[in-house]
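Listed below, chain by chain, are the residues.
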Amino acid sequence: MPTDPHHGHYDHPENAAEYSGLTVNSGVAQPPCVNPYLKRPKRRVYTPGELVEGILKGDVMMLSRAVTLVESVAPEHQAQAREVIEKCLPYSGNSRRIGITGVPGAGKSTSIDVFGFHALKHGGKLAVLAIDPSSERTKGSILGDKTRMEKLSQHPDAFIRPSPSAGSLGGVARKTRETIVLCEAAGFNNIFVETVGVGQSETAVHSMCDFFMLIQIAGAGDELQGIKRGIMEMADGIVINKADGDNIDRANLAKAQYKSALQLLPSPPSGWKPEVHCYSGYYELGIDEVWDMIDRYFAFIEKNGYFERQRREQARYWMYETIDSELRRRFYDDPERARAIAEAERLVLSNRLSPFTAAYNLLGENR
Ligand code: GDP
């Protein structure tokens, strides 16, 4: 190998004769860390009791650590998370839980930033959580991400947490539901739960929020076709974003269309008449009007008892939902059973066993 007295070995292939004119020097060996004497402090592990104490004091670092436990799939973390949640439960419930949905690009993050900032002007604290089963942390729109909410991310009274990433929609939603309890115990009195309006996740958000807001944008006059009737039925408020510039007329037209479409739907169990408003998140127009609707909604459902009724219904829903998913998990996670399932599937596919008998056999019942 050719050597150079000043630069050491020319050990790069690019330094071969055919690349004359190009010289690549060997890199300088890096020490394993800048200061080898500096020991990285070990992350302290807190007991559930310490976490609860921190949360009740409103310590956001402790809240974050507890949420990380909630999101963990490790069984010992889940046990600790359950303990934290149980201890926080008596201090929870005291918030307005607001679900926000809309297709990507509708302006959810812009709007949450603005509405959130608006809410914080009246005092209190705001947590922004998200349900986004499609996104992994590394790709896609990471709902609830701080970088998408400039003003809120710098606000001392805002806590922004991206969607838990692991698992099924039910699993992701349950973790968000549990995080709500922790946030409330930490004194967050406004909770936004964001989701992308493209599928089942709206139902999950609806099952944990008091108010459900659908963000729409005015398009070419056919916007009603794009949303499913079921989602419109869930909405307590439909808000049309980007009502600014030469889009104002289209937004107003969309508003009229939504209003008449809502009249055809059965009246919601809350007794509230869902409202439609235009606004611009970007130019901050019409924000007061939307926020005023939310205030009036809460006053209305607190007065007629629906607030409490809906929360009880939701607690029931989550109990059965958790039983369902836990039963499935316990059934499918057993490796021995996985083998039996594969065998049964083979017999069913070759028509030697009926699917029903196979299923009952696997479930441990011989019918
Ligand atoms: P998300 O995907 O629903 O979270 O939507 P974003 O908040 O990221 O907004 C999508 C795009 O629409 C961005 O380029 C925003 O700047 C823009 N946008 C959001 N709100 C408004 C608005 O009120 N008016 C206008 N003209 N553009 C907006």
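1. Digging into the overall build of the chain
Looking only at helices and strands, the chain features 14 helices and nine strands. Looking at the chain residue by residue over its 367 residues, the buried ones come to 41%. Intrachain contacts of the chain at a sequence separation of at least 6 include 71% that bridge at least 24 residues. For the chain, the accessible area works out to roughly 20,800 Å², and carbon and sulfur atoms hold 55% of it.

2. Quick notes on unusual backbone geometry
Residues other than glycine seldom take positive phi values, yet Lys242 does so here, at roughly 65°. With respect to the secondary-structure elements, Lys242 resides in the loop between strand E8 (237–241) and helix H10 (248–263). A positive phi angle, near 55°, is found at Glu284, a position not held by glycine. Residue placement: Glu284 occurs in the loop between strand E9 (275–278) and helix H11 (287–304).

3. Description of empty space enclosed by the protein
This model, assessed by the stated rule, comprises one cavity of 30 Å³ or more. Here the largest cavity defines a volume of roughly 50 Å³. Surrounding the largest cavity, Glu71, Leu129, Ala130, Arg161, Pro162, Pro164, Lys175, Thr176 and Thr179 form its lining. Examining the composition of the lining of the largest cavity, we find that three residues originate from one element, helix H6 (residues 169–185), more than from any other. Residues belonging to the lining of the largest cavity are distributed by class as follows: four nonpolar, two polar and three charged.

4. Observations regarding the layout of surface pockets
When its volume is computed, the largest pocket comes out at roughly 1,200 Å³. For the largest pocket, the lining is made up of 38 residues, of which Arg82, Arg174, Lys175, Glu178 and Thr322 are closest to its centre. Counting residues per element, the ones that place at least two in the lining of the largest pocket are helix H3 (75–88), H6 and helix H12 (306–333). In terms of residues, the lining of the largest pocket owes the most to one element, H12, which gives 15 residues. Residue classes in the lining of the largest pocket are distributed as 12 nonpolar, 10 polar and 16 charged. Its boundaries defined by the atoms lining it, the second largest pocket holds a volume of some 280 Å³. Among the elements of the structure, helix H9 (229–234), H10 and E9 are those that each provide at least two residues to the lining of the second largest pocket.

5. Focus on the site of the ligand
Taken together, 15 residues sit near the ligand, with Lys108, Ser109, Thr110, Arg148 and Asp244 positioned nearest. Here an oxygen atom of the ligand sits 3.4 Å away from a polar atom, N or O, in the main chain of Ala106. Measuring from an oxygen atom of the ligand, one finds a side-chain N or O atom of Arg148 at 2.8 Å. About the coverage of the ligand: the protein hides 70% of its 580 Å² of free accessible area. The class makeup of the residues in the shell around the ligand is four nonpolar, seven polar and four charged.

6. Quick notes on the nonpolar core
In terms of nonpolar packing, the biggest core is built from 52 residues, with Ile55, Leu63 and Leu182 touching the most fellow members. Ranked by residue count, the leading element in this core is H6, at seven residues. Setting aside chain neighbours within four positions, we find Leu63 in contact with Ile55, Phe159, Leu182, Cys183, Ala186 and Phe188. Listed in part, the 31 residues of the second largest apolar core include Leu120, Met213, Trp272 and Tyr279.

7. Re helix H1 (residues 48–56)
What H1 keeps buried is the set Pro48, Leu51, Val52, Gly54 and Ile55. The arc that holds every buried residue of H1, seen down its axis, measures 165°, which confines them to one face.

8. Side note on the side chain of Glu202
Tracing the backbone shows Glu202 in helix H7 (residues 201–206). The contact partners of Glu202, leaving out residues within four places of it in the chain, are Thr101, Thr195, Val196, Gly197, Phe212, Ile231 and Met234.

9. Notes on the confidence of the model for the chain
Looking at the chain, the pLDDT average stands at 86 and 83% of residues meet or exceed 70. Contacts from residues 1–10, a stretch scored under 50 in pLDDT, to residues over four places away or in other chains number 14 contacts.

Rules used throughout
- Residues numbered from 1 in each chain as written.
- Predicted model: local features only at pLDDT ≥ 70, side-chain atom pairs only at ≥ 80, totals over all residues.
- Heavy atoms only, no water.
- Helix = DSSP H or I, 4+ residues; strand = E, 2+ residues; numbered from the N terminus.
- Buried < 20%, exposed > 50% of the residue type's maximum accessible area, 1.4 Å probe, protein only.
- Contact = heavy atoms within 4.5 Å.
- Areas by Shrake-Rupley, 256 points an atom, 1.4 Å probe, with all protein chains shown as cover.
- 1 Å grid on protein atoms, 1.4 Å probe; cavity = no way out; pocket = protein on both sides within 12 Å on 5 of 7 lines; lining within 4 Å.
- Points joined across faces, edges and corners; volume = space filled by probe spheres on them.
- Nonpolar A, V, L, I, M, F, W, Y, C, P; charged D, E, K, R; others polar.
- Near = heavy atom within 4 Å.
- Polar contact = N/O pair within 3.5 Å; in protein donor to acceptor, adjacent residues only side chain to side chain.
- Core = buried A, V, L, I, M, F, W, Y, C linked by side-chain atoms within 4.5 Å.
- Arc of directions from axis to C-beta.
- pLDDT = per-residue confidence, 0-100.

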